[in-house]
Every structure is written in structure tokens, then in C-alpha cells.
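# Coordinates in review
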Amino acid sequence: MNKDYTEALGSLLELAFGAGSTARNDAALQSAIAPLLALGCRQHRLAGGKTFVHSGFAVYSVFVLLRGSARVICYSAAGAASVQDSLAAPQMFGLIEVVEERLMFAASIQANTDVLVLEVPAALFRSVLQNSTPAARVIIRNLAFLAVRNMDNVEYYTLNRPQQTLALYLYQACKDAKKPYALPLCRRMLAEILHIHLRSLYRYLDELKDKGLCCVIRGKITITEQQFAALQQFCAGLEQP
């Protein structure tokens, strides 16, 4: 395994996923990315709506989302599409497939916003996972984050009413983000993620707005600092036994 590659990817992952990662500027990221481009990785700047991982295709790379947000889309045997989740940077797509040695991507990944993505060849990513302690730590933390997120989602959907599920989703989406926070999802995608009928979603949003938990600015669902404080208090009440 190329030692330079191991160290370079480990450094990039630590920078992107470390404490205060959202404050990292493009200059710092480009400096960390540069040596990886010479070692076989590729950098992509993609517009919102662009699909960069295709369900059913061979697992050839891991895609590290460094800027922007993207949605996870699954397809039924009949070809019907369903948005399963939406994740903001930093995030890794294809990681589970590589760890489990799957042959094909389980879902498609589409940019919600303009994104910066680093494409890492799967074989090299596996080697780094085995040989770089810093990279392995980041990957383990990311897998733990996904596991907790999935468990929380199951709990939200099964134990709460749809309006409460919506409030919890908005809280989780904006709790670590700068305020005011604009959700990078249209209503239709949000309804699909939360398994709520679109008409019902509009009604629940109106109810949350009436409670002072969110607002709409330039068509985007938005949470201000004051609304976040109210949303946090509302969600804390839901989590009590």
C-alpha cells in the first residue's frame, strides 16, 4: 500500500470530519485534496440535481461529500423511486458497500445543492481502512453516526405522530448548523423521507409555524435562532418518558 496515499487520505478525512469541520474553507480542503489527485482520486464539483452514485452499478469508488448536501434514493423492482434520507457534508457514500464487500451500490445519491465530492477508488479505500488508524477512526465514527441516525428515525416514525416526527427531523437537521438555517429540501422530498402524505406535510408545517417552531423564507423551510430554541424545547418534551 502506498504510504503517501494512506497518510494523505487519513489527513483529508480528519480535516473534513474533525471538530469544527463545517468551518473549514475551500483553501484548506484543496490543500488536503491535492496530493490525493496525484494518487488516483478525482474531485467533482456538481450542480444540484446531479446523480453521482447509481443504484445497481458496480462498487468502484467511495464518494466523500465535502460540501453541500445530497439525498439517498432507492428504487423498487417496478422502478418507483423513494427518497430515503438527506445528508449534509461531511459524509461518505459507498462506505457500507465497501466495508461489507458488496458488489453493487444499494442506492443512488443525488446532489440537493451544489456539491464538492472526492471520489476515492474502492480498492484504495479498503487499503486505507486497513492501514491508517486516523482514517479508521473517522470511518468508525461515521458508521456509528449512521447507525444512531437510523435507530432514531425508526423511533421517530413508530413512537410519534407525524407532526412530531417533522419537528424532530427539523431539529436534527439544524441543531449543528448556523442560524438561520434553510432546509435544502423541497416539500415533496421531505414528505418522501418522512413517509408523510404531501398534503398532510403542508398542514403539519403550518401547525409548526403557528407554534413558532419554523418559518418560510423565499420558499425555503427556515429555522431562526429564536425558533430553534423553541424547537429544541418542543423536541425535548417529546423525548421524555
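In case you missed it, the structure is sitting above this.
Residues numbered from 1 in each chain as written. Predicted model: local features only at pLDDT ≥ 70, side-chain atom pairs only at ≥ 80, totals over all residues. Heavy atoms only, no water.

### Things to note about unusual backbone geometry
For clarity, the threshold we go by: We count a stretch as a helix when DSSP gives it H or I for four or more residues in a row; a strand needs E for two or more, and each element gets its number in order from the N terminus.
The amide bond that connects Ala89 to the next residue, Pro90, takes the cis arrangement and shows omega of 0 degrees. Take Pro90: it is sitting in the loop between β5 (81-88) and β6 (91-93). Omega for the peptide link from Lys179 to Pro180 comes to 0 degrees, which places this bond in the cis form. Relative to the elements of secondary structure, Pro180 occurs in the loop between α6 (162-174) and β9 (181-182).

### Observations regarding the sheet that holds strand β1 (residues 42-46)
The test is simple: Pairing between strands is defined by DSSP: at least two bridges between the two strands are required. Fitted lines through C-alpha atoms serve as axes, helices being fitted only where they are in contact, and the angles separating the N-to-C directions of these axes extend from 0 to 180 degrees.
Sheet architecture is open: four strands sit in the order β1-β8-β3-β6, paired in antiparallel fashion. The open sheet is flanked by β1 and β6, the only strands paired with a single partner. With direction set aside, neighbouring strand axes in the sheet form an average angle of 25 degrees. Across three bridges, the pairing between strand β3 (residues 61-67) and β6 is antiparallel. Opposite Phe63, over in β6, you have Phe93 as the bridge partner.

### Considering the side chain of Ser61
Basically, it comes down to this: Any N or O atom pair separated by 3.5 Å or less is treated as a polar contact, with the protein-specific requirement of one donor-capable and one acceptor-capable atom, and with residues adjacent in sequence counted only for side-chain atom pairs. Only heavy atoms matter for contacts: two residues are in contact if any of them lie within 4.5 Å across the pair.
In this fold, Ser61 is placed in strand β3. A polar contact of 2.8 Å, which involves the side chain of Ser61, links it to the side chain of Glu119. If we skip the residues at most four places from it in the chain, Ser61 touches Phe93, Phe105, Glu119, Val120, Pro121 and Ala122.

### Some thoughts on the pattern of salt bridges
Quick note on the threshold: For this document, the term salt bridge refers to a Lys or Arg side-chain nitrogen within 4 Å of an Asp or Glu carboxyl oxygen. Burial classes follow relative accessibility: with a 1.4 Å probe on protein chains only, a residue under 20% of its type's maximum area counts as buried, one over 50% as exposed, and anything between as partly exposed.
Taken as a whole and assessed by the stated rule, the structure comprises five salt bridges. A salt bridge links Arg137 to Glu14; its shortest N-O distance comes to 3.8 Å. Taken together, the positions of Arg137 in helix α5 (residues 133-159) and Glu14 in helix α1 (residues 3-17) put the pair 123 residues apart, joining distant regions of the chain. Residue classification places Arg137 among the partly exposed residues on the basis of a relative accessible area of 43%. Notably, a salt bridge pairs Glu119 with Arg42, separated by 3.2 Å at the nearest N-O pair. Taken as a pair, Glu119 in strand β8 (residues 115-121) and Arg42 in strand β1 lie far apart in primary sequence, 77 residues in all. Using a relative accessible area of 48% as the deciding quantity, one classes Arg42 as partly exposed.

Taken by themselves, the reported measurements are silent on function.
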